[in-house]
Amino acid sequence: MKNKERLIDMQSRYAVNGRLYRERLRKLLPSIMFSNLSILIILTIDSIIVGNFVQDKSSLGAMSVVSVIIMMFNTIAPFSAGGIIFRLSEQNATNDMVNVRRSLKAAAVLAVVIAGIICIAGYPITHLCIDNLCYTEELRAAAWQYTVGMMIAYPFSVITTAGTMVLLSEGKTTWVMLLTVLEGVTNLVMDLVLTAIVGMGVAGAGYGTMIASIVKFIAAMPILYIYLKKQGKLGWEKSVDLQEIKIQLSYAVPTVVAGAVTSVQYFVMIRLIGDNLQVDGLFSTAL
């Protein structure tokens with residue numbers, strides 16, 4: 001019933017002439033763009049640095065395996081951020097600070113819980129991928145070296161992404177872009193230092209990503225706190241509204257399902273390629 005009431009409310013505010021869908025698309029595009037841009041920048045920088053400064057031929061193959069792991073993590077992560085931008089946009093439109101604060105608290109709890117789930121599920125997911133996609137000891141070792149830093153980084157990334165979705169719902173696109181640039185520059189510098197100068201190899205790229213994610217987290221949280229406090233939206237409710245969490249999760253379901261389908265397809269594709277190229281260790285360099 002409540003979903004029906006929200007639909008009626010949206011239809012009353014937007015005439016059924018295409019404006020509703022254009023408005024929804026306008027709010028959706030920034031969240032898609034910035035949530036994907038961050039991980040694309042990280043993977044691109046890591047690949048360029050490792051390709052140019054690491055002599056071990058299995059390193060790039062290991063990064064392809066880890067990309068499957070990241071996609072699987074990305075299947076879980078949208079539960080923390082996928083519904084925030086829509087829900088907060090709705091609540092902000094009502095100008096009811098109590099409801100806005102209730103949604104913000106639910107979003108914060110979701111982000112922390114999902115980050116914790118990824119911490120717990122991270123090792124078995126990583127073990128599954130590496131065991132099934134690495135056909136040589138060299139590739140397996142390189143994949144574990146690169147993955148350690150990424151596994152530490154991802155929970156920070158989940159919470160930061162939830163925070164940036166809140167900023168996007170408030171129309172603060174410039175701040176989100178600056179945070180993305182900060183992460184990319186930090187990742188580039190730390191990759192160069194750890195991989196090319198210190199000589200840590202593919203592990204250096206993973207730890208460079210870890211440092212970049214933590215730096216972005218440290219920068220994003222004060223910005224979010226100061227902005228919400230200035231807007232009078234920081235007063236926390238005493239208890240968590242489970243119904244609000246349920247609504248935000250329901251908004252995230254389409255994104256999660258799409259990510260799950262994509263990650264399974266990618267896993268199967270890489271596995272099929274590996275089954276055909278594993279002879280004489282060829283798979284370690286073919287990716």
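Analysis parameters
- Residues numbered from 1 in each chain as written.
- Predicted model: local features only at pLDDT ≥ 70, side-chain atom pairs only at ≥ 80, totals over all residues.
- Heavy atoms only, no water.
- pLDDT = per-residue confidence, 0-100.
- Helix = DSSP H or I, 4+ residues; strand = E, 2+ residues; numbered from the N terminus.
- Salt bridge = Lys/Arg side-chain N within 4 Å of Asp/Glu carboxyl O.
- Core = buried A, V, L, I, M, F, W, Y, C linked by side-chain atoms within 4.5 Å.
- Buried < 20%, exposed > 50% of the residue type's maximum accessible area, 1.4 Å probe, protein only.
- Contact = heavy atoms within 4.5 Å.
- Axes fitted to C-alpha atoms, helices over the stretch in contact; angles between N-to-C directions.
- Parallel < 35°, antiparallel > 145°, perpendicular 65-115°, else oblique.
- Nonpolar A, V, L, I, M, F, W, Y, C, P; charged D, E, K, R; others polar.

Summary statistics for the protein give a mean pLDDT of 76 and a share of 77% for residues scoring 70 or more. Considering each helix and strand of the protein separately, the mean pLDDT is smallest for helix H11 (residues 283-286), with a value of 42, and largest for helix H9 (residues 202-230), with 91.

On to the pattern of salt bridges, then. Scanning the entire structure with this criterion turns up 3 salt bridges. Two residues, glutamate 137 and arginine 140, come together in a salt bridge whose shortest N-O distance is 2.8 Å. Of the two residues, glutamate 137 and arginine 140 are both situated in helix H7 (residues 137-169); the distance of 3 residues between them amounts to about one turn of the helix. The salt bridge partner of lysine 216 is glutamate 183, with a shortest N-O separation of 3.4 Å. Residue lysine 216 is found in helix H9, and its partner glutamate 183 is found in helix H8 (residues 173-197); the two are separated by 33 residues along the sequence.

On to the nonpolar core. For soluble globular proteins, nonpolar side chains are generally found buried alongside one another. Judged by nonpolar contacts, the single largest core of 32 residues is most densely connected at Val68, Ile118, Cys129, Leu133, Tyr146, Tyr154 and Val158. Looking at this core, the elements that each hand over two or more residues are helix H3 (58-76), helix H6 (97-133), H7, H9 and helix H10 (242-277). Looking at which element gives the most residues to this core, the answer is H3, with 10 residues. Excluding its chain neighbours within four sequence positions, the residues that come into contact with tyrosine 154 are Ile70, Phe73, Asn74, Ala77 and Ile118. With 22 residues, the next largest nonpolar core counts Val100, Ala162, Val166 and Val176 among its residues.

Packing of H7 against H8 brings their axes to within 8 Å, and their N-to-C directions diverge by 150 degrees. It follows that H7 is roughly antiparallel to H8 by the angle criterion. Where H7 approaches H8, its residues Thr164, Leu167 and Leu168 are matched on the opposing element by Thr173, Trp175, Val176 and Leu179. The class makeup of the residues in the contact of H7 with H8 is 5 nonpolar, 2 polar and no charged.

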